[in-house]
Amino acid sequence: MQKGKVYLVGAGPSDIGLLTLKGKALLERADVVIYDALVGQEILHLIPDSAEQLDVGKRAGNHPVPQQQINQLLLQKAQQGKLVVRLKGGDPFLFGRGGEELELLAAHNIPFEVVPGVTSAVAVPAYAGIPVTHRDFCSSVHIITGHTKQASDADIDYSALVKLDGTLIFLMGVAALEEICSGLLRAGMDAQMPAAVLERGTTAVQRRVTAPLCSLPKQAAKAGICAPAIIVVGRVCALADRFAWAEKRPLGGWRVLVTRPKARASRFVELLHQQGAEVFELPTIRTLPIVPNPILEQELGQLKDYQWLVFTSPAGVELFFTYLRKTRRDVRCLGEIKLAAIGPATAQALEEHGIFAALVPERYNAAALGELLALRAQKERVLLLRARDGSPDLPIALKKGGICYTDVAIYDTIYEAVDIARAAALLDTNRVDAVAFTSASTVHGFVQALGKRDYSQIRAACIGETTAQAARAYGMKTQVAKQATIPDLVELLVQMKAKEG
């Protein structure tokens, strides 16, 4: 049997933007992903549906899968000829037990590679405004584990650390915070030395407590700081208030759940990241082309009889041009026909194929599109290419205006979601600040996926009024974007957060 291969991949501290390009590429190719508890939810969303996913994460005081069993899992999956990604928080070799996991693989001649990750020892302080080195404060940084096989005072030589006169970073030490601070003070460190404890760094809910070394444990306890957190001790901690930046971003501190189909979500997610949001993707609908489609084939054969071709979604545009390619046609078959789009996103999808829409309504919904077509397409024939369950408002408006039209379904909208358990857990623990909906279909798919529950506490950011009506029907707290565009939807979320204060 062909041997597989194991990749030890550092996932970074949580923020998906800190995952390396190589790590992302390997995740997308993986047959098996064995991941830790501290890997960010957005990173887990990159794992393909086809991959086997195994959660072996260790939580404080709870190791459901012993390390030896993890080592055996890596070996077994590789011996089955699979591409295995061992996804570890931070960096695999910095207190990540990566070396231990490689020992068994090396003993059995299993091929492996190590993909370094951004360590929380540097990234978390950076996101909190603390440079771990600074020419005016210190010239060295020292990383110490606060958790060892036999946790005791003897594990850390505090006297040696104090003599180093550099920035001290303790990982996995929040449970021993009081002992660490006491040990440094007993070894002669200045009681007023600036220090910080940083909880859930690089995530939307990161928190920072800064205080003199002598009072840090008391201040951290008062704030309710808990794992995962790191401790930073050194004069550079005095810079935190001046240099803090992450929480100052317009959506810094917010978690947004995006329900848009995965194929169309990348631009939206990118804009949310730019504004500082942590994004959880839960695509709730999928579009499936109608195949075979004899009615579409028939109408394409007589396109010369139409003066208008109408699209109501970017998905419809993409599926139409995919159909043209599969049937060995190109844009020349459109001839002089004019194109109409329901909104700018659909118009943009047409432009990507080298065609410009001749008509886009000012209000981006089916009724407005139908009303405008009724005025512009007098005595002309119109071909609608859209979803099977498309809004009835469009044909109603055309019929009222006396327009001759043919309504052809080119795709079905399927309600589905694959990360329901994770989404439900986030909602149940109030870790989602807003849910963004880009169509009424995404609302219905969201509710169908999550089932019967109280939706009244969900803040719904909706791209348009039709979408908002669907959200209101389920009792959600609903707000609507100024224009039915993705940038306006992002701006709505920024405004929602600003009003929250």
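Bear in mind the structure is a predicted one, so any value in this text is a computation, not a measurement. Note that residues are indexed from 1 along each chain, following the sequence as it is written. Local features are withheld for residues below a pLDDT of 70 in this predicted model, meaning they are given only at 70 or higher, and side-chain atom pairs are given and counted only at 80 or more; totals for whole chains, interfaces and linings count all residues. Just so you know, side-chain values use all the structure's heavy atoms and leave hydrogens and water out.

Chemist: Help me understand a nonpolar patch on the surface in this model?
Modeler: Residues form patches when they are more than 30% accessible in relative terms and have no salt bridge. Like charges link within 9 Å. Nonpolar side chains (Val, Leu, Ile, Met, Phe, Trp, Tyr) link within 5 Å. Using a 1.4 Å probe, accessible areas were evaluated by the Shrake-Rupley method; residue-level cover was limited to the displayed protein chains. Whenever a carboxyl oxygen of Asp or Glu lies within 4 Å of a side-chain nitrogen of Lys or Arg, that contact is scored as a salt bridge. Taken together, the side chains of Phe-95, Val-141, Ile-143 and Met-172 present a nonpolar region at the surface, about 300 Å² in accessible area. Any residue under 20% of the maximum accessible area for its type is buried, any over 50% is exposed, and the rest in between are partly exposed; the area is computed with a 1.4 Å probe on protein chains only. Assessed through its relative accessible area of 35%, Val-141 is described here as partly exposed.

Chemist: Can you help me understand unusual backbone geometry in this one?
Modeler: A negative phi holds for most residues other than glycine; trans holds for most peptide bonds. Cis geometry is adopted by the peptide bond preceding Pro-228, which originates at Ala-227 and carries an omega value of 0°. We count a stretch as a helix when DSSP gives it H or I for four or more residues in a row; a strand needs E for two or more, and each element gets its number in order from the N terminus. Here Pro-228 lies in the loop between α8 (216-223) and β10 (229-233). A cis geometry characterises the amide bond from Val-291 onward to Pro-292, with omega recorded as -5°. For Pro-292, the location among the structural elements is in the loop between β13 (285-289) and α11 (294-300). The phi angle at Phe-95 is positive, at roughly 55°, despite the residue not being glycine.

Chemist: When you look at the packing of helix α16 (residues 420-428) against helix α17 (residues 440-450) in this model, what are you seeing that I'm missing?
Modeler: How two helices pack is summed up by the angle between their axes together with the distance between the axes. Axis lines are fitted to C-alpha atoms, over the contacting stretch for helices. Their N-to-C directions set the angle, which ranges from 0 to 180 degrees. Contact geometry of α16 with α17 gives a least axis separation of 10 Å together with a crossing angle of 90°. The angle between α16 and α17 places the two elements in the roughly perpendicular class. In this structure, α16 uses Ile-420, Ala-424 and Leu-427 to contact α17, whose residues at the interface are Phe-446, Ala-449 and Leu-450. To sort the angles, those under 35 degrees are grouped as roughly parallel, those over 145 as roughly antiparallel, those from 65 to 115 as roughly perpendicular, and the leftovers as oblique. Whether two residues touch is decided by their heavy atoms; if any such pair falls within 4.5 Å, the residues are in contact.

Chemist: Which parts of the structure should I look at to understand the pattern of salt bridges?
Modeler: Opposite charge on two side chains permits them to pair, given that their charged atoms come into close proximity. A full pass over the atoms with the stated rule returns 27 salt bridges. In this structure, Asp-330 engages Arg-332 in a salt bridge whose closest nitrogen and oxygen atoms are separated by 2.6 Å. In this structure, Asp-412 and Arg-388 form a salt bridge, with 2.5 Å as the shortest nitrogen-oxygen distance. Taken together, the positions of Asp-412 in strand β17 (residues 404-415) and Arg-388 in the loop between β16 (381-387) and α15 (393-400) put the pair 24 residues apart, joining distant regions of the chain. The exposure class assigned to Arg-388 is exposed, which follows from its relative accessible area of 53%.

Chemist: I keep staring at the sheet that holds β17 and nothing clicks. Help me out?
Modeler: Note: strands within a sheet are paired through backbone hydrogen bonds, in either parallel or antiparallel orientation. At least two DSSP bridges between two strands are required for those strands to pair. Spatially, the five strands line up as an open sheet ordered β13-β17-β16-β14-β15, and their pairing is mixed. Across the chains shown, the open sheet's two edge strands, defined by having one partner strand only, are β13 and β15 (338-341). Sheet twist, expressed as the average angle between the axes of neighbouring strands with direction ignored, equals 25°. Bridge count between strand β14 (residues 308-311) and β15: four bridges; the pairing is parallel. Bridge assignment links Leu-309 to a residue of β15, and that residue is Leu-339.

Chemist: So what exactly am I meant to see when it comes to the side chain of Thr-442 here?
Modeler: Along the chain, Thr-442 turns up in helix α17. Counted as a polar contact is a pair of N or O atoms within 3.5 Å, where, for protein atoms, one must be capable of donating a hydrogen and the other of accepting one, and residues adjacent in sequence contribute only when both atoms are in side chains. Side-chain polar atoms of Thr-442 contact the backbone nitrogen of Thr-438, separated by 3.4 Å. Sequence-distant contacts of Thr-442, defined by excluding residues within four places in its chain, comprise Thr-259, Arg-260, Pro-261, Thr-284, Ile-285 and Phe-437.

Chemist: Looking at this structure, how should I read the nonpolar core?
Modeler: Looking at soluble globular proteins, one finds that nonpolar side chains tend to be buried together. With 26 residues, the main nonpolar core has Leu-309, Phe-311, Phe-320 and Leu-385 as its most contacted residues. At the level of secondary structure, the elements contributing two or more residues to this core comprise α11, β14, α12 (314-326), β15, α13 (344-351), β16 and β17. The biggest single contributor to this core is α12, with six residues. Once residues lying within four places of it in the same chain are set aside, the contact partners of Leu-385 are Leu-296, Leu-309, Val-310, Phe-311, Thr-312, Phe-320, Val-408 and Ile-410. Side-chain atoms within 4.5 Å are what join buried Ala, Val, Leu, Ile, Met, Phe, Trp, Tyr and Cys residues into a set we call a nonpolar core.

Chemist: Would you take a moment to explain the sheet that holds strand β3 (residues 52-55) for this structure?
Modeler: The strand order across the open sheet built from five strands is β3-β2-β4-β1-β5, with neighbouring strands paired in parallel fashion. Strand pairing shows two members of the sheet lacking a second neighbour, β3 and β5 (112-115), which therefore form its edges. The sheet shows a mean angle of 15° between the axes of neighbouring strands, taken without regard to direction. Relative to β3, strand β2 (residues 32-35) runs parallel, the two sharing four bridges. Bridge assignment links Tyr-35 to a residue of β3, and that residue is Asp-55. Against the sheet, helix α1 (residues 21-29) touches β1 (5-10), β2, β4 (83-88) and β5, its axis set at about 130° to β4. Helix α3 (residues 67-79) contacts β1, β2, β3 and β4 of the sheet and is inclined by roughly 155° relative to β4.

Chemist: I'm lost on the environment of Ile-337 in this one. Help?
Modeler: Considering the arrangement of structural elements, one finds Ile-337 in the loop between α12 and β15. In this structure Ile-337 comes out as buried when scored by relative accessible area, which is 10%. Separated by 25 residues in the primary sequence, Ile-337 and Thr-312 have C-alpha atoms spaced 17 Å apart.

Chemist: Can you walk me through the side chain of Asp-36 in this structure?
Modeler: Mapped onto the secondary structure, Asp-36 falls in the loop between β2 and α2 (41-44). Among all residues touching Asp-36, those that are not within four sequence positions of it are Val-56, Gly-57, Arg-86, Leu-87, Lys-88 and Gly-89.

Chemist: Sorry if this is basic, but what is going on with the packing of aromatic side chains here?
Modeler: How two aromatic rings sit relative to each other is set out by the distance from centre to centre and by the angle between their planes. Geometry of aromatic contacts follows a simple scheme: Phe, Tyr and Trp rings, the Trp one being its six-membered ring, pair when their centres are within 6.5 Å, and the pair is stacked under 30 degrees between planes, edge-to-face over 60, tilted otherwise. The full count for this structure, using the stated rule, is six aromatic pairs. Following the ring pairs from residue to residue traces out a cluster consisting of Phe-437, Phe-446, Tyr-455 and Tyr-474. Directly above the aromatic system of Tyr-306 lies the positively charged group of Arg-381, at a separation of 4.4 Å from the ring centroid. Look at NZ for Lys and CZ for Arg. If either is within 6 Å of the ring centre and within 35 degrees of the ring normal, a charge sits over the ring.

Chemist: Looking at this structure, I do not really get the pairing of β17. What am I missing?
Modeler: The side chains of a regular strand alternate between both faces of the sheet. Pairing geometry for β13 and β17, over five bridges, is antiparallel. Opposite Arg-286, over in β17, you have Ile-414 as the bridge partner. Relative to β17, β16 is paired through seven bridges, and the arrangement is parallel. Directly across from Ala-387, in β17, lies its bridge partner Tyr-411.

Chemist: Quick question: what am I supposed to make of the environment of Ala-227 here?
Modeler: For Ala-227, the location among the structural elements is in the loop between α8 and β10. Not counting residues up to four positions away in its chain, the partners in contact with Ala-227 are Val-174 and Arg-200.

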